[in-house]
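Residues per chain, in single letters:
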Amino acid sequence: MSHYLCGVKITQREIVERKQEEKMENYKICFVCTGNACRSPFAECVTKKLLTDVGMTGIEVFSLGTLSWGENPRDAAMVEVAKEMGYELGGTTTVMTRERLMEADAIVVFDEYHRNAVTRELDYSNWDRIILFNKIAFDEGSNVEDPHYQTEAVYHRVAQRIEEGCRRLVDKWKKEPPKPLG
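Just so you know, these numbers come straight off a predicted model, no measurement behind them.

Draft legend 1. Layout of helix H3 (residues 76-84). Those residues of H3 that fall on the buried side of the exposure criterion are Met78, Val81 and Ala82. End-on view of H3: buried residues confined to an arc of 100 degrees, all on one side of the axis. Away from its buried face by more than 90 degrees, H3 exposes Ala76 and Lys83. As for H3, its buried residues are in contact with helix H2 (39-53) and helix H7 (152-175). At the N-terminal boundary of H3, the capping side chain belongs to aspartate 75, with an oxygen 2.9 Å from the backbone nitrogen of alanine 77.

Right, dumping it as structure tokens:
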């Protein structure tokens, strides 16, 4: 049986590949930290850049914060560290809502406080999509410290940890692309 797409004959393999690409377009990862000013937006911008650099498409990345403190600019010190590392960190803080969290196939939190806050927003049946950043990236159960209002050295240490973790995530996804829940 022959298959055609827009009048062009395509193979069964091409059909399977296109379906896989369509599924990938639906995969969404959300990084969550306290204020959405340092860790989660930095992880978002790093992951987006790394995905672009390796030519991976079909993964949407966004970030949210557990703290409702309005729309504020990103932490200036983290913006500067990001710039030094070759990333452009911009935008404004965004508080998490149940609706936005439900859009994500994976919700990556930076400490147990964030996990607890997210579980207050989601039904128990959705808790399996929440994972600690250090667990998914390094297979460790520890938290990523909050650099907000800390020394420049802490900002650098946290940024380097997040960058390395995001590299590991993208490397995993290159070998085995993540699959959407739905």
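Structure shown, so let's carry the discussion forward.
Draft legend 2. Geometry of the packing of H2 against H7. Remark: H2 packs on H7, axes separated minimally by 9 Å, with the N-to-C direction vectors making an angle of 40 degrees. When the axes of H2 and H7 are compared, the pair comes out oblique. Regarding H2 and H7, the two cross each other, and that crossing is right-handed. Of H7, the residues touching H2 (which contributes Arg39, Phe42, Ala43, Val46, Thr47, Leu50 and Leu51) are Val158, Ala159, Ile162, Glu163, Cys166, Arg167, Val170 and Trp173. Here the residues of the contact of H2 with H7 sort into 11 nonpolar, 1 polar and 3 charged.

Draft legend 3. Focus on the packing of aromatic side chains. For the coordinates displayed, the defined rule picks out 7 aromatic pairs. Relative to tyrosine 87, the ring of phenylalanine 42 has its centre 5.7 Å away and its plane inclined at 85 degrees; by these criteria the two rings are edge-to-face. With a gap of 45 residues between them, phenylalanine 42 in helix H2 and tyrosine 87 in the loop between H3 and helix H4 (98-103) connect regions that are remote in the sequence. Residue class for phenylalanine 42 comes out buried when judged on its relative accessible area of 0%. An aromatic cluster is present here, built from Phe31, Phe110, Phe133 and Phe138 joined pairwise through their rings. Its end group placed over the ring of phenylalanine 138, arginine 161 keeps NZ or CZ at 3.6 Å from the ring centre.

Draft legend 4. Region of interest: the sheet that holds strand E3 (residues 27-33). Strand order in this open sheet of 4 strands is E4-E3-E5-E6, and the pairing throughout is parallel. Each of the sheet's edge strands pairs with one partner strand only, and the pair in question is strand E4 (59-65) and strand E6 (130-132). The average angle at which neighbouring strand axes cross in this sheet is 25 degrees, direction not considered. Bridging between strand E5 (residues 106-109) and E6 involves 3 bridges; their strand directions are parallel. Bridging from a neighbouring strand, valine 109 pairs with leucine 132 of E6. Along the sheet, H2 makes contact with E3 and E4, crossing E4 at roughly 170 degrees.

Draft legend 5. Layout of the confidence of the model for the protein. Confidence along the protein averages 89 in pLDDT terms, with 86% of residues attaining 70 or more. Looking over the protein, one finds the lowest element-wise mean pLDDT in strand E1 (residues 3-5), namely 41, and the highest in E5, namely 98. Below pLDDT 50 for its whole length, residues 2-8 participates in 9 contacts with residues either more than four positions away or in separate chains.

How each quantity is defined
Residues numbered from 1 in each chain as written. Predicted model: local features only at pLDDT ≥ 70, side-chain atom pairs only at ≥ 80, totals over all residues. Heavy atoms only, no water. Buried < 20%, exposed > 50% of the residue type's maximum accessible area, 1.4 Å probe, protein only. Helix = DSSP H or I, 4+ residues; strand = E, 2+ residues; numbered from the N terminus. Arc of directions from axis to C-beta. Contact = heavy atoms within 4.5 Å. Polar contact = N/O pair within 3.5 Å; in protein donor to acceptor, adjacent residues only side chain to side chain. Axes fitted to C-alpha atoms, helices over the stretch in contact; angles between N-to-C directions. Parallel < 35°, antiparallel > 145°, perpendicular 65-115°, else oblique. Left-handed = near helix turned anticlockwise from the far one by under 90°. Nonpolar A, V, L, I, M, F, W, Y, C, P; charged D, E, K, R; others polar. Phe/Tyr/Trp six-rings, centres within 6.5 Å; stacked < 30°, edge-to-face > 60°. Lys NZ or Arg CZ within 6 Å of the ring centre and 35° of its normal. Pairing = 2+ DSSP bridges. pLDDT = per-residue confidence, 0-100.

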